[in-house]
Amino acid sequence: MEDRFGHRISYLRISVTDRCNERCRYCMPVELQEWLPREGVLSYEEILRVAAVGVSLGVRRIRVTGGEPLVRRDIVPFFEALCAIPGLEDVGISTNGTLLANPLADGRSTARALADAGVRTANVSLDTLDRETYAAATGRDYLDRALAGIEAARAAGFEKIKLNAVLMRGQSEAQLRPLADFAHERGLLLRFIELMPVSTGDVLTEANFLPCAEARRLLEAEFGPLERRPEFRTNGPASYFEVPGRGQLVGFIGAMSDLHFCESCNKLRLTCDGKLRPCLGSHLEFDLLQEIRRGADDREIAEFIQMVVDRKPKEHDFRDNYQPGRKMIAIGG
Ligand code: SAM
Ligand code: SF4
């Protein structure tokens, strides 16, 4: 599948739930504490069907996200079924990590069960290593659980573990070095993410916005000049830099300040309520759930997906259009 701008669409990000055991200020505003009704959420069977049709159209990578994917019941068997789709090369999970260490009935940790199912990469969110800051940012005193989850993931045998930290002025500055050291000591790939206007609530203000360039300068004050490493790429829009003297790469995801951010976009998103979105930073979404439940066959689902790809915008409109009505928790980051 190619869009109008020659992007080859090979990456599908699937949100399996809008629910979460944390309450990050930038993701889930306090006033939004209502979940979708169960019947409004795609069943696992429906998601697997869309995934398989997507793969038949050229999707090669799927990342499962939420909300917090690990709060949905029977998530491990779902991953097992997803990883078994022929032609799908890479399945990953985005998680806050707090449930990764939880044991299953058979004694394995959740992380181990996911790795055994064939999940190759785990992206774990970790904005801070300070317990109080963590509790204030996420609304939950779960830093210890998140750290235990990261250890469980390291022990589980994932191919790659990435740590994602959202940048917030007043919170992140003092955390840049501790997070870099933490990631380095454990051989994890750390990325810093600019705050995006995807929520409601008053955290998404200019005053809370810390641009990637400034975070880089602060890291340079600690470590010396960072060297840009354009040849190193993961699946997404991160730009990577090397920390001098220790060979550590640190990524920066500058959705707001990086003008080339959309150039290599290869993604489609499926929200947990069955909307297909061609771009995180645009209001466009198309109701695939309705299509599925009216009885569409696989060919019609394929045509629907292709129609959405044809409508993928050239770039997101976050910069022109600060739209607080969108909520990351409902879209799936
Ligand atoms: N619960 C999982 C987690 O926290 O990783 C998966 C879902 S979460 C919505 C996915 C990612 O989106 C997280 O790394 C989170 O920090 C990020 N995120 C949420 N709201 C954001 C915002 N307003 N701007 C930038 N990143 C955001
Ligand atoms: Fe939950 Fe992840 Fe959103 Fe935080 S960022 S509220 S952990 S879904």
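Structure: above.
Residues numbered from 1 in each chain as written. Chains lettered and ligands numbered in written order. Predicted model: local features only at pLDDT ≥ 70, side-chain atom pairs only at ≥ 80, totals over all residues. Heavy atoms only, no water.

Trainee: Looking at this structure, I do not really get the pairing of strand β10 (residues 267-270). What am I missing?
Mentor: Every regular strand shows the same layout, with side chains that alternate between the two sheet faces. Of the two faces of β10, the one carrying Lys267 and Arg269 and the one carrying Leu268 and Leu270 are both buried. When strand β1 (residues 11-15) meets β10, the two strands line up parallel, connected through 4 bridges. Within β10, the position partnered with Leu12 by the bridge is Leu268. One ladder, built from 2 bridges, connects β10 with strand β11 (residues 275-277); its direction is antiparallel. Paired with Leu270 across the bridge in β11 is Leu276. (Buried < 20%, exposed > 50% of the residue type's maximum accessible area, 1.4 Å probe, protein only. Helix = DSSP H or I, 4+ residues; strand = E, 2+ residues; numbered from the N terminus. Pairing = 2+ DSSP bridges.)

Trainee: Would you take a moment to explain the pattern of salt bridges for this structure?
Mentor: Oppositely charged side chains are able to pair whenever their charged atoms sit close together. Taken as a whole and assessed by the stated rule, the structure comprises 24 salt bridges. Ionic pairing is found between Glu159 and Arg120, a salt bridge with its closest N-O pair at 3.1 Å. Note that Glu159 is positioned in the loop between α5 (143-156) and β5 (160-167) and Arg120 in the loop between α3 (110-117) and β4 (121-125), a separation of 39 residues in sequence. The class of Arg120 is partly exposed, set by a relative accessible area of 31%. The network of salt bridges with common partners includes Arg61, Asp90, Arg120 and Glu159. (Salt bridge = Lys/Arg side-chain N within 4 Å of Asp/Glu carboxyl O.)

Trainee: Quick question: what am I supposed to make of the sheet that holds β11 here?
Mentor: One key point about sheets: their strands pair by backbone hydrogen bonds, in either a parallel or an antiparallel sense. Strand order in the open sheet formed by 12 strands is β7-β8-β9-β6-β5-β4-β3-β2-β1-β10-β11-β12, and the pairing between neighbours is mixed. Edge positions in the sheet fall to β7 (227-228) and β12 (286-287), since each has one partner strand and no second. Relative to strand β6 (residues 189-194), β5 runs parallel, the two being bridged by 6 bridges. Within β6, the position partnered with Leu167 by the bridge is Glu194.

Trainee: Is there a simple way to think about the site of ligand 1 in this case?
Mentor: Residues in close proximity to ligand 1 total 18 residues, the closest being Tyr26, Gly67, Ser125, Val166 and Met196. Tyr26 is positioned with one of its backbone polar atoms (N or O) 3.1 Å from a nitrogen atom of ligand 1. Here ligand 1, which alone exposes 540 Å², has 93% of that area covered by the protein. A breakdown of the residues in the shell around ligand 1 according to their chemical character gives 8 nonpolar, 8 polar and 2 charged. (Near = heavy atom within 4 Å. Polar contact = N/O pair within 3.5 Å; in protein donor to acceptor, adjacent residues only side chain to side chain. Areas by Shrake-Rupley, 256 points an atom, 1.4 Å probe, with all protein chains shown as cover. Nonpolar A, V, L, I, M, F, W, Y, C, P; charged D, E, K, R; others polar.)

Trainee: Teacher, can you tell me more about the side chain of Gln248 here?
Mentor: Note on placement: Gln248 falls in strand β9 (residues 248-253). Accessibility expressed as a relative area gives 5% for Gln248, which makes it buried. A distance of 2.9 Å separates a polar atom in the side chain of Gln248 from the backbone oxygen of Ala180. Those residues in contact with Gln248 that sit more than four places away from it in its chain are Ala180, Ala183, His184, Phe241, Glu242 and Val243. (Contact = heavy atoms within 4.5 Å.)

Trainee: Looking at this model, I keep getting lost on helix α4 (residues 131-138). Mind explaining?
Mentor: Note on helix geometry: an α-helix contains 3.6 residues per turn, so any two residues three or four positions apart are oriented the same way. Every buried residue of α4 is listed here: Tyr134, Ala137 and Thr138. For α4, the angular spread of buried residues about the axis comes to 80°, placing them on one side. Opposite the buried face of α4, at more than 90 degrees from it, the exposed residues are Glu132 and Ala136. Along its buried surface, α4 packs onto α5. Just past α4, the residue Gly139 takes up positive phi, approximately 75°. (Arc of directions from axis to C-beta.)

Trainee: Got a minute to help me understand the packing of aromatic side chains in this structure?
Mentor: Within a pair of aromatic rings, the relevant descriptors are the distance that separates the centres and the angle that separates the planes. Under the definition given, this model contains 5 aromatic pairs. Relative to Phe78, the ring of Tyr44 lies with its centre 4.6 Å away and its plane at 20°, an arrangement referred to as stacked. In this pair, Tyr44 sits in helix α1 (residues 44-56) while Phe78 sits in helix α2 (residues 75-83), placing the two residues 34 residues apart along the sequence. Among the residues examined, Tyr44 registers a relative accessible area of 12% and is labelled buried. A ring pair is formed by Phe241 and Phe252, whose centres lie 5.6 Å apart and whose planes are at 85°; its orientation type is edge-to-face. One end of the pair, Phe241, is in strand β8 (residues 239-243); the other, Phe252, is in strand β9, and 11 residues separate them in sequence. Summarising the burial analysis for this pair, Phe241 and Phe252 share the class buried. (Phe/Tyr/Trp six-rings, centres within 6.5 Å; stacked < 30°, edge-to-face > 60°.)

Trainee: Is there a simple way to explain the nonpolar core in this structure?
Mentor: Within soluble globular proteins, side chains that are nonpolar generally end up buried alongside one another. In terms of nonpolar packing, the biggest core is built from 83 residues, with Phe78, Phe79, Leu82, Phe158 and Phe192 touching the most fellow members. The leading source of residues in this core is α1, at 7 residues. Residue contacts for Phe192: discarding those within four places in its chain leaves Ala165, Leu167, Leu176, Leu179, Cys212, Leu219, Val250, Gly251, Phe252 and Ile253. In terms of nonpolar packing, the next biggest core, distinct from the first, is built from 18 residues, Tyr26, Leu189, Phe209 and Ile253 among them. (Core = buried A, V, L, I, M, F, W, Y, C linked by side-chain atoms within 4.5 Å.)

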